[in-house]
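Given next are the chains, with one letter for each unit.
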Amino acid sequence: MSALTWITVGSLAAWVWLLLGQGFFWRTDVRLPGRTPPAQWPSVAIVVPARDEAEVLPSSLPSLLAQDYPGRAEVFLVDDGSSDGTGDLARALAAEHGGLPLTVDCPGEPGPGWTGKLWAVRHGMALARARTDAEYLLLTDADIAHAPDSLRELVSAARSGGLDLVSQMARLRVATVWERLIVPAFVYFFAQLYPFRWINRPGARTTAAAGGCVLLRREAAERAGVPGSIRQAVIDDVTLSRAVRRTGGRIWLGLADRVDSVRPYPRLGQLWRMVSRSAYAQLRHNLLLLAGTVAGLAVVYLVPPVAVVAGALTGETLVLVAGAAAWAVMAGTYVPMLRYYRQPLVLAPLLPFTALLYLLMTVDSAVQHYRGRGAAWKGRTYARPEATP
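Looking at an unreviewed UniProt entry, one finds the protein named Glycosyltransferase, with Streptomyces aureoversilis as its source organism.

Considering the pairing of strand 6 (residues 165–171)
In terms of burial, strand 6 is a largely internal element, seven of the seven residues being buried. Inspection of the sheet shows strand 6 paired to strand 7 (residues 213–217) by three bridges, in the antiparallel sense. Counted as the bridge partner of V166 is L215 from strand 7. As paired elements, strand 6 and strand 8 (residues 251–261) share six bridges and run parallel to each other. Looking at strand 8, one finds that R171 is bridged to D260.

What about the UniProt feature "transmembrane region" (unreviewed entry) in the protein?
Here, the residues flagged by UniProt with the feature "transmembrane region" (unreviewed entry) are residues 6–26, 287–312, 318–338 and 345–363. Segment residues 345–363 splits into 68% helix and 0% strand. End C-alpha atoms: 29 Å apart.

Structural notes on the sheet that holds strand 1 (residues 44–50)
Pairing between the strands of a sheet is mediated by backbone hydrogen bonds and can be parallel or antiparallel. One open sheet holds the eight strands; their spatial order is 3-2-1-4-7-6-8-5, and the pairing between them is mixed. Edge strands, defined here as strands with exactly one partner in the open sheet, are strand 3 (102–105) and strand 5 (144–146). Neighbour to neighbour, the strand axes of the sheet diverge by 30 degrees on average, direction disregarded. The pairing of strand 4 (residues 136–140) with strand 7 spans five bridges and is antiparallel. Bridging from a neighbouring strand, T140 pairs with C213 of strand 7.

Overview of the side chain of D143
With respect to the element layout, D143 can be found in the loop between strand 4 and strand 5. Overall, the relative accessible area of 7% leaves D143 in the buried class. Separated by 2.9 Å, the side chains of D143 and S261 make a polar contact. When near neighbours in sequence (up to four residues on either side) are disregarded, D143 contacts V56, S60, D260, S261, V262 and R263.

Thoughts on the packing of aromatic side chains
A full pass over the atoms with the stated rule returns twelve aromatic pairs. Both rings, one in W15 and one in Y301, keep their centres 5.3 Å apart while their planes meet at 85 degrees; by these two values the pair is edge-to-face. Taken together, the positions of W15 in helix 1 (residues 3–21) and Y301 in helix 11 (residues 287–314) put the pair 286 residues apart, joining distant regions of the chain. For the pair formed by W15 and Y301, the shared burial category is buried. Judged by centre distance (5.0 Å) and plane angle (75 degrees), the ring pair of F189 and Y358 falls under edge-to-face. Of this pair, F189 sits in helix 6 (residues 177–193) while Y358 sits in helix 13 (residues 351–370), and the two are 169 residues apart along the sequence. The same class applies to F189 as to Y358, namely buried. Note that R122 overlies the ring of W114, its terminal NZ or CZ placed 5.6 Å from the centroid. Of note, R171 hangs over the ring of Y340, and the distance from its end group to the ring centre comes to 4.1 Å.

Remarks on the pattern of salt bridges
Evaluated as defined, the whole model comprises 18 salt bridges. In this structure, R263 engages D143 in a salt bridge whose closest nitrogen and oxygen atoms are separated by 3.5 Å. With a gap of 120 residues between them, R263 in the loop between strand 8 and helix 10 (268–282) and D143 in the loop between strand 4 and strand 5 connect regions that are remote in the sequence. Judged by relative accessible area, R263 falls into the buried class, the value being 15%. Linked through salt bridges whose partners overlap, the residues forming this network are R27, D29 and R197.

A closer look at the nonpolar core
Buried together is how nonpolar side chains tend to be arranged in soluble globular proteins. Core analysis: the largest hydrophobic core is formed by 112 residues, its most contacted members being L215 and Y301. Looking at which element gives the most residues to this core, the answer is helix 6, with nine residues.

Re helix 4 (residues 116–131)
With 16 residues, helix 4 should reach 22 Å at 1.5 Å per residue; the first-to-last C-alpha distance of 23 Å fits that figure. Residues of helix 4 that are buried include every one of G116, L118, W119, A120, V121, H123, G124, M125, L127 and A128, and no others.

Looking at the packing of helix 6 against helix 12 (residues 317–340)
Viewed as axis vectors pointing N to C, helix 6 and helix 12 meet at an angle of 100 degrees, and their least axial separation amounts to 10 Å. By the angle between their directions, the pair helix 6 and helix 12 is classed as roughly perpendicular. On helix 12, the residues touching L181, P184, A185, V187 and Y188 of helix 6 are M330, T333, Y334, M337 and L338. Grouping the amino acids of the contact of helix 6 with helix 12 by side-chain chemistry returns nine nonpolar, one polar and no charged.

Digging into the UniProt feature "domain: Glycosyltransferase 2-like" (unreviewed entry) in the protein
Per the UniProt record, the feature "domain: Glycosyltransferase 2-like" (unreviewed entry) sits at residues 46–223. The annotated region residues 46–223 carries 43% helix and 20% strand content, and the separation between its end C-alpha atoms amounts to 19 Å.

Rules used in this analysis
- Residues numbered from 1 in each chain as written.
- Predicted model: local features only at pLDDT ≥ 70, side-chain atom pairs only at ≥ 80, totals over all residues.
- Heavy atoms only, no water.
- Buried < 20%, exposed > 50% of the residue type's maximum accessible area, 1.4 Å probe, protein only.
- Helix = DSSP H or I, 4+ residues; strand = E, 2+ residues; numbered from the N terminus.
- Pairing = 2+ DSSP bridges.
- UniProt positions renumbered as here; feature names shortened; annotations may be inferred.
- Axes fitted to C-alpha atoms, helices over the stretch in contact; angles between N-to-C directions.
- Polar contact = N/O pair within 3.5 Å; in protein donor to acceptor, adjacent residues only side chain to side chain.
- Contact = heavy atoms within 4.5 Å.
- Phe/Tyr/Trp six-rings, centres within 6.5 Å; stacked < 30°, edge-to-face > 60°.
- Lys NZ or Arg CZ within 6 Å of the ring centre and 35° of its normal.
- Salt bridge = Lys/Arg side-chain N within 4 Å of Asp/Glu carboxyl O.
- Core = buried A, V, L, I, M, F, W, Y, C linked by side-chain atoms within 4.5 Å.
- Expected span 1.5 Å × (residues − 1).
- Parallel < 35°, antiparallel > 145°, perpendicular 65-115°, else oblique.
- Nonpolar A, V, L, I, M, F, W, Y, C, P; charged D, E, K, R; others polar.

Shown next, in the form of structure tokens:
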């Protein structure tokens, strides 16, 4: 057999494994577990780190202030050095909409070794400790809109399951052509890397969270030393989940039904920066891992369509059939995510093209890192974290 035949058969074998052996990552039915309302509702502090979020705040903050929660809840919005009037706008929205109490404060510039978001979270948690006896912390991004019962459902799930961290991956906005091509695939690739079913097993080694919506028990946060123990993390959600699990915490992650991101990414450049700013950090700034990732993406996602074309042109039946089968399995596993995002299923066969874009974004992330512009976000660039002794 030719080298292309071997590679194509290997790609098909990889897809059979991904279909059956990777935690059924492609299924989208992992939603909040059984939710029995507690006899007594615990107090919750909602911490919202915000930097230059005036564009999205009118669509997100009122949804937090309007939470229909039977217990005590308070919102702490931390204005992380915004230049667009984020803090003043938050106060105006609270005055207009009412609802839960809102505190707006600014922590100043991040301390040495801290990323901006985690510095803001640290400040918000300190405010919550000083002003409330909150048993839970809801860490949610400024671009996330919550249904009125979101907090109630999260707390019920945490209490019912004895969970220390409950995280929902917010449904991202999908409106433009580029968002349709890239956003559902972003969640699909995340689930492939971190299968939700594996994460949700007690004591599992695989762990992750979605930073846009994390309900965290305060005792678990203190036990894990959060956020100080993860202060340098660029991918803060996954690092947070590891810190909680390492100290014995129970974790749950799944897809959201009524928690949505309102941030627009209408152009390819915006989506590119969203992915590339942290892709190389995900690979621990390791060139060998980068090379392996690029090779893996090429074999798994790019070989099938290439094999179909090559097999059709050369008459190599095995290459054609194996490539078509691998491509069909790939597209089939993508269909549930497209349905979750209410997108046309005709996009499923285009997944190799989207994977090529992600491959290029990952390479670009490494290039930017070595040019000193890695992990850049909203005017700040973060160096590679120092090794922990």
